[in-house]
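# Chain and residue survey
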Amino acid sequence: MGDPVRGRFAPTPSGYLHIGNAFTALLAWLQVRQQGGEFVLRIEDLDERRLNPEYVSAILEDLSWLGLDWDEGPDVAGRHGAYRQKDRIEQYQHAFDSLKKQGLVYPCFCSRKELREAASAPHGLASEGPVYRGTCRLLLSAEQLRRMRQKQPAWRFVVPNRPVEFTDLVAGHQQFGTAFGGDFIVYRADAVFSYQLAVVVDDAEMGITQVLRGDDLLDSTVRQIYLYEALGLEQPSFAHVPLIYSADGERFAKRDGSMTLRSLRSKGVTAEQITGYLGWFAGLLDRPEPLRPEDLVEMFDVRRIARSKVLLPQDWMDTLTG
Ligand code: GLU
């Protein structure tokens, strides 16, 4: 028997789950359940500045309300725990040490201001800002040591000089050249491991075989593939699904409360109504009829997921509550 199919949902607890998060969670859950696999809930709470612990229990509660379940998570012990990133620092340190030993990271002393000024074009990662020009890559070690006495550096990964190609199960074939994004941070100057490093270590150690997430992270995948290779870890398959936007094309911000599952629920909207719409937005249903997540399991097919971004209908709230 081969390895079990394993997928995950990995929210950052910086707000209540909104309809867009619910879309991703539902599809990731369906992809796993359709194959009889195991679903993991992991809380990405590395960056304390962005978090509020109250959101963790709210996320668990909202996902359950929607009708999703998980086989391992912060409240369900499993073989691959812990399921909160703040409890996994040793694993990240271990991976970081391995990169260091291989000479694949270097300290970067650039200030935010320098980074902004040095950026020739804003063509970095959609999720992370301008391209890093490699200013600190060539510092001599004596100079590195001198600067380290004055300033705690960030550490960047040396991006190899070769392009990356992969086939995304939803977004299709992807090709990224070497100039893309530049050397990226794996350990921040404020002593926090970066998302890119943590997510790779976690997905690999948790035996995740398929990653389904929002397509704002599509270009992060390139960086993650470099890390999988450098750390000798097995890569999962990738599926990046469209985000949901409000009718005027704005992306939901966590601070915009109106589209959180909590707020919809408080207006009397049911989990079945929401699931029906999410299934319809995904292209799995012809009509947004109310149903439960398990009703979608059999018809789920990752190749049927629409590629283009989802705009909420203008009168959506009225339709739901009317
Ligand atoms: N924690 C990320 C978020 O909430 C998702 C990371 C991932 O799925 O790789 O957007």
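Before reading on, note that the structure itself is shown above.
What this report covers is the structure whose coordinates are included nearby. (Residues numbered from 1 in each chain as written. Predicted model: local features only at pLDDT ≥ 70, side-chain atom pairs only at ≥ 80, totals over all residues. Heavy atoms only, no water.)

Close contacts around the ligand come from Arg-8, Ala-10, Pro-11, Thr-12, Glu-44, Tyr-195, Val-199, Arg-213 and Leu-217, and that covers them all. Within the contact set of the ligand, a nitrogen atom lies 2.7 Å away from a backbone nitrogen or oxygen of Ala-10. Within the side chain of Arg-213, an N or O atom sits 2.9 Å from an oxygen atom of the ligand. Its free accessible area being 300 Å², the ligand has 77% of it covered by the protein chains. Split by residue class, the shell around the ligand holds 5 nonpolar, 1 polar and 3 charged. (Near = heavy atom within 4 Å. Polar contact = N/O pair within 3.5 Å; in protein donor to acceptor, adjacent residues only side chain to side chain. Areas by Shrake-Rupley, 256 points an atom, 1.4 Å probe, with all protein chains shown as cover. Nonpolar A, V, L, I, M, F, W, Y, C, P; charged D, E, K, R; others polar.)

Bringing the packing of aromatic side chains into the picture now. Across all of its chains, the model carries 14 aromatic pairs by this definition. Seen from their ring centres, Phe-96 and Tyr-187 are 5.4 Å apart, and the 35° between their planes marks the pair as tilted. One end of the pair, Phe-96, is in helix α3 (residues 89–101); the other, Tyr-187, is in strand β7 (residues 184–187), and 91 residues separate them in sequence. By relative accessible area, which is 4% here, Phe-96 ends up buried. Every member of this aromatic cluster is reached through a ring pair, and the members are Tyr-92, Phe-96, Trp-155, Tyr-187 and Phe-193. Note that Lys-100 overlies the ring of Trp-155, its terminal NZ or CZ placed 4.4 Å from the centroid. Seen from the ring of Trp-65, Arg-265 lies directly overhead, with NZ or CZ sitting 5.1 Å from the centre. (Phe/Tyr/Trp six-rings, centres within 6.5 Å; stacked < 30°, edge-to-face > 60°. Helix = DSSP H or I, 4+ residues; strand = E, 2+ residues; numbered from the N terminus. Buried < 20%, exposed > 50% of the residue type's maximum accessible area, 1.4 Å probe, protein only. Lys NZ or Arg CZ within 6 Å of the ring centre and 35° of its normal.)

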